[in-house]
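Structure assessment
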Amino acid sequence: MPAVVVQDLVKTFRVAERRPGLLGAMKGLFHREYHTVRALDGVGFSLQPGELVGYIGPNGAGKSTTVKVLAGILVPDSGRCEVLGQVPWQERVRHVRNIGVVFGQRTQLWWDLPVIESFDLLRDIYAVPQVQYAATRDELVALLGLGPLLDTPVRQLSLGQRMRCDIVASLLHRPALLFLDEPTIGLDAVSKLAVRDFLLRLQREQGVTTILTTHDMDDIEALCTRVILINHGSIAFDGTLEALRGRVTQERYLTVEFADGGAWRDEPDVTVVRSNGQRYTLSFDPRQIAAADLIARIAARYPVRDLLVENPPIETIIARLYDEDQP
Amino acid sequence: MSAYLSTFQARGRVLLQYREAALAGVVTQLFWGGIRIMIYEAFYRSSSAAQPMSYAQTVTYLWLIQAMLLLVPWRVDPEAAASIRDGSVAYEMVRPADLYWYWFSRGLAQRVLPVLMRAAPIFIIAMPFFGMQAPVSAAAALAWVASIGAAALLSCAITMLATISLLWSVAGDGVSRLLATLASLLSGSVVPLPFYPDWAQPVLNALPFRGLMDIPFRVYTGDVTLGQWLPLLGHQLIWTAVLVLIGRWLLARGLRRLVVQGG
């Protein structure tokens, strides 16, 4: 049985129209005009238990609306939505016991209290039995190496430490479904790696079904095999990262560094994207020429010192896909 | 239930970190208490008309105001206000807890503990040195404690209403100011309510605010006998219940609107 099923989800918001100028603002006091925004326009997907899926899209695409529907905070206009066999907005309190949420921009920990006390408070709010709570907490704390931080007030933690504590906090009641909303936002490179490493371990060892929304494509690349891309309220893509690349572009890059005396001559099947001294970046389409053949040819004809084949950065792909989808 | 109790305790532990603020508060309250008492002393000496309370009762009433001033609901719950403003109220909606009681228990801690931290030193200093009297009887002392408890609940229910109004008006400054003015004037924390003109008394008696200060203080000083006090405790409790019901109804409506309109 899938952990999450969503079908034809539609959600519209009424937004008050602002009229320009002072006169317009005064008119607005008495009579407002509204227009409707379709935040979700027929969204559908399903997740298997234990899946970690990247849910991406530009700002305002409908990511957080989807997450709020799944969390039981928003009621959709129409469509079907089941999380662990339950409809989220019916019996909200029972539903939210099964889910954990991390909003990267906010913390659920008490600012002035040691981390451990926030954990204890969550234990009481979720009514987790003490034995189970202690086992879960110790396991997570050991897994993440957070032991030395537990007695530190949250306000003294670094952002990266705080984020890891926040993730633990969202898991103390052993939710079957976890929402991570930009868990690496604002973190430095080392902390990002630590959080990603943690999430991978969590995935391997606990098998929590996880929906990750992020704008950081390195997160997606490091963590997710499956990507769902939402744009203008509907699903623009659902599949593996490789398929996403393939759909937008087949292009690959070959960077060659020549030994002294090598000079570039025009070659068929490739175009020069950049050149810097003896270093050339060439783009080619693997459907026209296999990477191995191209490398063999270049190596035969030029004095090559170094070679590197790359995929285009995922940011480029996503940007193209967003553009492609513009109405 | 234990979730709300833990919330109360956690908030309490936070507040205990601010002992210096409490100490500063005590000094300020003692200072203002002294000034107020000088004003009333001048007033009692210069007037020969009959006063609604004896001088000793008035002095005690004034010290009780100084000790319990923070019981007056003078602003919206800052944490709840922030969560409404920045949208993290969504975090609180994904908890298996009743949002009203969650905020209420946190607000109660925020209300009660600072009062306790400030009241005890003021009692210790004002009783031997500045004319504050003990409760008129042991029974009056118990009645006072019960009434203060009811006042704390009432104060929280009023604060909750103001906080919930932010679901419609977002900026909380106006609500806080209005609330602070109304609550201080009508509870008796600026001028003891017996000194208000006769025509105002029925209005003051009907409104919930006298339950914040006037009722507990007058049973303490003996201005209200125990027999008179019992219906007044009812006044406090009934108003609290009514305001809680209104607050819960409004919160449900506000959250539904939030849900309909999106975050």
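Calculation criteria
Residues numbered from 1 in each chain as written. Chains lettered and ligands numbered in written order. Predicted model: local features only at pLDDT ≥ 70, side-chain atom pairs only at ≥ 80, totals over all residues. Heavy atoms only, no water. Helix = DSSP H or I, 4+ residues; strand = E, 2+ residues; numbered from the N terminus. Rg over C-alpha atoms; globule rule 2.2 N^0.38 Å. Buried < 20%, exposed > 50% of the residue type's maximum accessible area, 1.4 Å probe, protein only. Areas by Shrake-Rupley, 256 points an atom, 1.4 Å probe, with all protein chains shown as cover. Lys, Arg positive; Asp, Glu negative; His and termini not counted. Charge placed at Lys NZ, Arg CZ, Asp CG, Glu CD. Pairing = 2+ DSSP bridges. Contact = heavy atoms within 4.5 Å. Buried area = accessible area lost by both parts, 1.4 Å probe. Salt bridge = Lys/Arg side-chain N within 4 Å of Asp/Glu carboxyl O. Nonpolar A, V, L, I, M, F, W, Y, C, P; charged D, E, K, R; others polar. Domains from an automatic or database assignment. Core = buried A, V, L, I, M, F, W, Y, C linked by side-chain atoms within 4.5 Å. Polar contact = N/O pair within 3.5 Å; in protein donor to acceptor, adjacent residues only side chain to side chain. Axes fitted to C-alpha atoms, helices over the stretch in contact; angles between N-to-C directions. Phe/Tyr/Trp six-rings, centres within 6.5 Å; stacked < 30°, edge-to-face > 60°. Lys NZ or Arg CZ within 6 Å of the ring centre and 35° of its normal.

Considering the overall build of chain B
Looking only at helices and strands, chain B has eleven helices and zero strands in total. For chain B, the N- to C-terminal ordering of α and β elements is α-α-α-α-α-α-α-α-α-α-α. In terms of C-alpha radius of gyration, chain B reaches 19 Å, essentially the compact-globule figure of 18 Å for 263 residues. Taking the principal axes of its C-alpha atoms as reference, chain B extends roughly 65 × 40 × 35 Å. Of all 263 residues assigned to chain B, the portion counted as buried reaches 52%. Looking at chain B as shown, the accessible area adds up to about 11800 Å², and 71% of this sits on carbon and sulfur atoms. Charge-centre separation for chain B: the mean point of 18 positive side chains lies 4 Å from the mean point of 11 negative side chains.

Looking at the overall build of chain A
What chain A contains, in helices and strands, is eleven helices and 13 strands. By principal-axis analysis of the C-alpha atoms, chain A measures approximately 70 × 60 × 45 Å. The 327 residues of chain A split such that 50% are buried. Accessible surface computed for chain A: about 15400 Å², of which carbon and sulfur atoms make up 50%. Of the side chains in chain A, 36 bear a positive and 41 a negative charge, and the two mean positions are spaced by 5 Å.

Brief notes about the pairing of strand E11 (residues 270–276) of chain A
With six bridges connecting them, E11 of chain A and strand E12 (residues 279–284) of chain A associate as antiparallel partners. What sits directly across from Arg274 of chain A, in E12 of chain A, is Thr281 of chain A.

A few points about the interface of chain A and chain B
It is common to report an interface's size as the accessible area lost on association of the parts. If you look at the interface, chain A gives 29 residues, while chain B gives 28 residues. Of all residues in chain A, the largest losses of buried area upon contact with chain B belong to Ile73, Trp110 and Ile125 of chain A, amounting jointly to 25% of the total for that side. Viewed at the interface, chain B and chain A are joined by zero salt bridges. When residues of the side of chain A that touches chain B are traced back to their parent elements, those giving at least two are strand E1 (4–16), helix H3 (92–96), strand E5 (99–103) and helix H4 (115–125) of chain A. Looking at the side of chain A that touches chain B element by element, the count peaks at five residues for H4 of chain A. For the side of chain A that touches chain B, the class distribution of residues is 16 nonpolar, two polar and eleven charged.

Observations concerning the domain arrangement of chain A
Taken domain by domain, chain A consists of domain 1 (4–8 + 41–246) and domain 2 (250–311). A C-alpha centroid distance of 42 Å is found between domain 1 of chain A and domain 2 of chain A.

Observations regarding the nonpolar core
Of all hydrophobic cores here, the largest spans 165 residues; its most connected members are Phe119 of chain A together with Met68 of chain B. Within the second largest apolar cluster, twelve residues are counted, among which are Leu282, Ile289, Leu294 and Ile298 of chain A.

Describing the side chain of Lys11 of chain A
Residues and elements named next belong to chain A. Mapped onto the elements, Lys11 comes out in strand E1. Looking at Lys11, the relative accessible area reads 3%, which means it is buried. At a separation of 2.8 Å, a polar atom in the side chain of Lys11 contacts the main-chain carbonyl oxygen of Val75.

Some thoughts on the sheet that holds strand E3 (residues 52–56) of chain A
Residue and element names in this part refer to chain A. Pairing in this open sheet of six strands is mixed, and the strands run E5-E6-E7-E3-E8-E9 from one edge to the other. A single partner strand is all that each edge strand has here, and the edge strands are E5 and strand E9 (234–240). Across the sheet, the mean angle separating the axes of adjacent strands is 15° when strand polarity is ignored. As judged from the five bridges shared by strand E6 (residues 177–181) and strand E7 (residues 209–213), these two strands associate in the parallel manner.

Describing the packing of aromatic side chains
Here the structure, examined in full by the defined rule, presents 18 aromatic pairs over all chains. Here Tyr44 of chain B and Phe195 of chain B contribute two aromatic rings whose centre-to-centre distance is 6.5 Å and whose plane-to-plane angle is 90°, an arrangement assigned as edge-to-face. Placement of Tyr44 of chain B in helix H2 (residues 19–46) and of Phe195 of chain B in the loop between helix H8 (173–187) and helix H9 (201–206) is noted, with a sequence separation of 151 residues between them. For the residue pair Tyr44 of chain B and Phe195 of chain B, the accessibility class agrees, reading buried in each case. For the pair Trp144 of chain B and Tyr220 of chain B, a centre-to-centre distance of 5.1 Å together with 70° between the ring planes defines the contact as edge-to-face. Of the two residues, Trp144 of chain B is situated in helix H7 (residues 138–169) and Tyr220 of chain B in helix H10 (residues 214–221); the sequence distance between them amounts to 76 residues. Relative accessible area serves as the criterion here: at 13%, Trp144 of chain B is assigned to the buried category. Through a chain of ring-to-ring contacts, three or more aromatic side chains come together here, namely Tyr40, Phe43, Tyr44, Tyr55 and Phe195 of chain B. Over the aromatic face of Tyr133 of chain A sits the side chain of Arg123 of chain A, whose NZ or CZ is 5.2 Å from the ring centroid.

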